[in-house]
Amino acid sequence: MKQVQKWIICLMGVVLCHKAIWANPSFESVRGGIQVGYALIDSTVHYARTQAPNASDMSDISGRGTIGGITLDWCRILGNSDMLLGVEGSLNFTKAIGRKSTKGTFFDPTPGASWETTVEFSRSIDLTMKVGYMAKGAALAYFKVGPSRSRWRSLSTNTFTNTKSVSAANGLGLILGVGAEFPLSDRISWGGEYNYRRPKNLSHNITQPNGLTIRSVDVAPTSHAIMFRLNYRFCAPDYAETPPEKKRKRKRSRNPQ
């Protein structure tokens, strides 16, 4: 808890001390960026025995790994307000894996049988709508939501007979995120983001070497990620070259009454 408080205090200091570079009410940009962070997967796994005696059970499988990707977005201030609306697309790659043994949970005809279930998250393509608030041109806080198409894989292995059963899917699900950005110049900004991803469930059957199905496995995967990003604006704002006051004077001089 103390560590979280320290991070919040540091973030508040950055916001209060940061230079107001994004001060133009006509703020609009197309940006590309890179992001890197840490992903945590948390999956609820339901097991059901299909042969007598019937039984069912569930367990949680957690894993972690690094995550990185590229982003492209468009955003614009709404009218003369401080509210921002935008669209963002991103492509991410990761190697987050979680494993758990289920030995002793069920009766198995094979003596010494131990089943290990693995859940793996490898990549995602996200398309989100962003709604944000610009704080005096020195910081941008935003919320985003949209569809996420991610690649997941679940695997169950009998460690005694090395029998494997695999399910892999490009699942379409939902992603939610909150974040903040801070300008370094009129073109470059940095920021941080937390996002939550919930794809569709994975399922597979566990079979014996003779082909007999003895269990069904249903996996409900989720992922959490902390991302740090660096963005580049392809189009610099007009005020970086000519302040709005000078523009008004220039227009008046061109159109004398």
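What you see is a predicted model; the values in this text were computed from it and never measured. (Residues numbered from 1 in each chain as written. Predicted model: local features only at pLDDT ≥ 70, side-chain atom pairs only at ≥ 80, totals over all residues. Heavy atoms only, no water.)

Trainee: Give a detailed account of the environment of Val45, specifying residues and quantitative values.
Mentor: Positionally, Val45 belongs in strand E1 (residues 28-49). Val45 gets classed as buried once you look at its relative accessible area, which sits at 0%. C-alpha of Val45 to C-alpha of Val217: the two residues are 172 residues apart in sequence and 6.9 Å apart in space. (Helix = DSSP H or I, 4+ residues; strand = E, 2+ residues; numbered from the N terminus. Buried < 20%, exposed > 50% of the residue type's maximum accessible area, 1.4 Å probe, protein only.)

Trainee: I'd love a proper account of the environment of Leu72, names of residues and values included.
Mentor: Among the structural elements, Leu72 can be located in strand E2 (residues 56-77). Sequence separation between Leu72 and Gly89 is 17 residues, and the spatial gap between their C-alpha atoms is 5.4 Å. Once residues lying within four places of it in the same chain are set aside, the contact partners of Leu72 are Val30, Arg31, Gly32, Val87, Glu88, Gly89 and Phe234. (Contact = heavy atoms within 4.5 Å.)

Trainee: Which residues make up the pattern of salt bridges, and what are the values?
Mentor: The full count for this structure, using the stated rule, is 12 salt bridges. In this structure, Glu181 and Arg31 form a salt bridge, with 2.6 Å as the shortest nitrogen-oxygen distance. Here the residue Glu181 occupies a position in strand E6 (residues 163-183), and Arg31 occupies one in strand E1, the gap between them amounting to 150 residues. Since its relative accessible area comes to 1%, Arg31 is described here as buried. The partner of Arg197 in a salt bridge is Asp126, with the nearest N and O atoms 2.9 Å apart. A residue pair is termed long-range when its members are at least 10 positions apart, and Arg197 in strand E7 (residues 188-198) and Asp126 in strand E4 (residues 115-135) qualify at 71 residues. One network of salt bridges, with partners in common, ties together Arg31, Asp73, Glu88, Lys130, Lys144, Glu181, Glu193 and Arg229. (Salt bridge = Lys/Arg side-chain N within 4 Å of Asp/Glu carboxyl O.)

Trainee: An account of the side chain of Glu88 is needed here, citing residue identities and associated values.
Mentor: Position of Glu88 relative to the elements: it lies in strand E3 (residues 83-101). For Glu88, the side chain forms a polar contact with the side chain of Lys144, separated by 2.9 Å. Setting aside chain neighbours within four positions, we find Glu88 in contact with Leu72, Asp73, Asp126, Leu127, Thr128, Lys130, Lys144 and Arg229. (Polar contact = N/O pair within 3.5 Å; in protein donor to acceptor, adjacent residues only side chain to side chain.)

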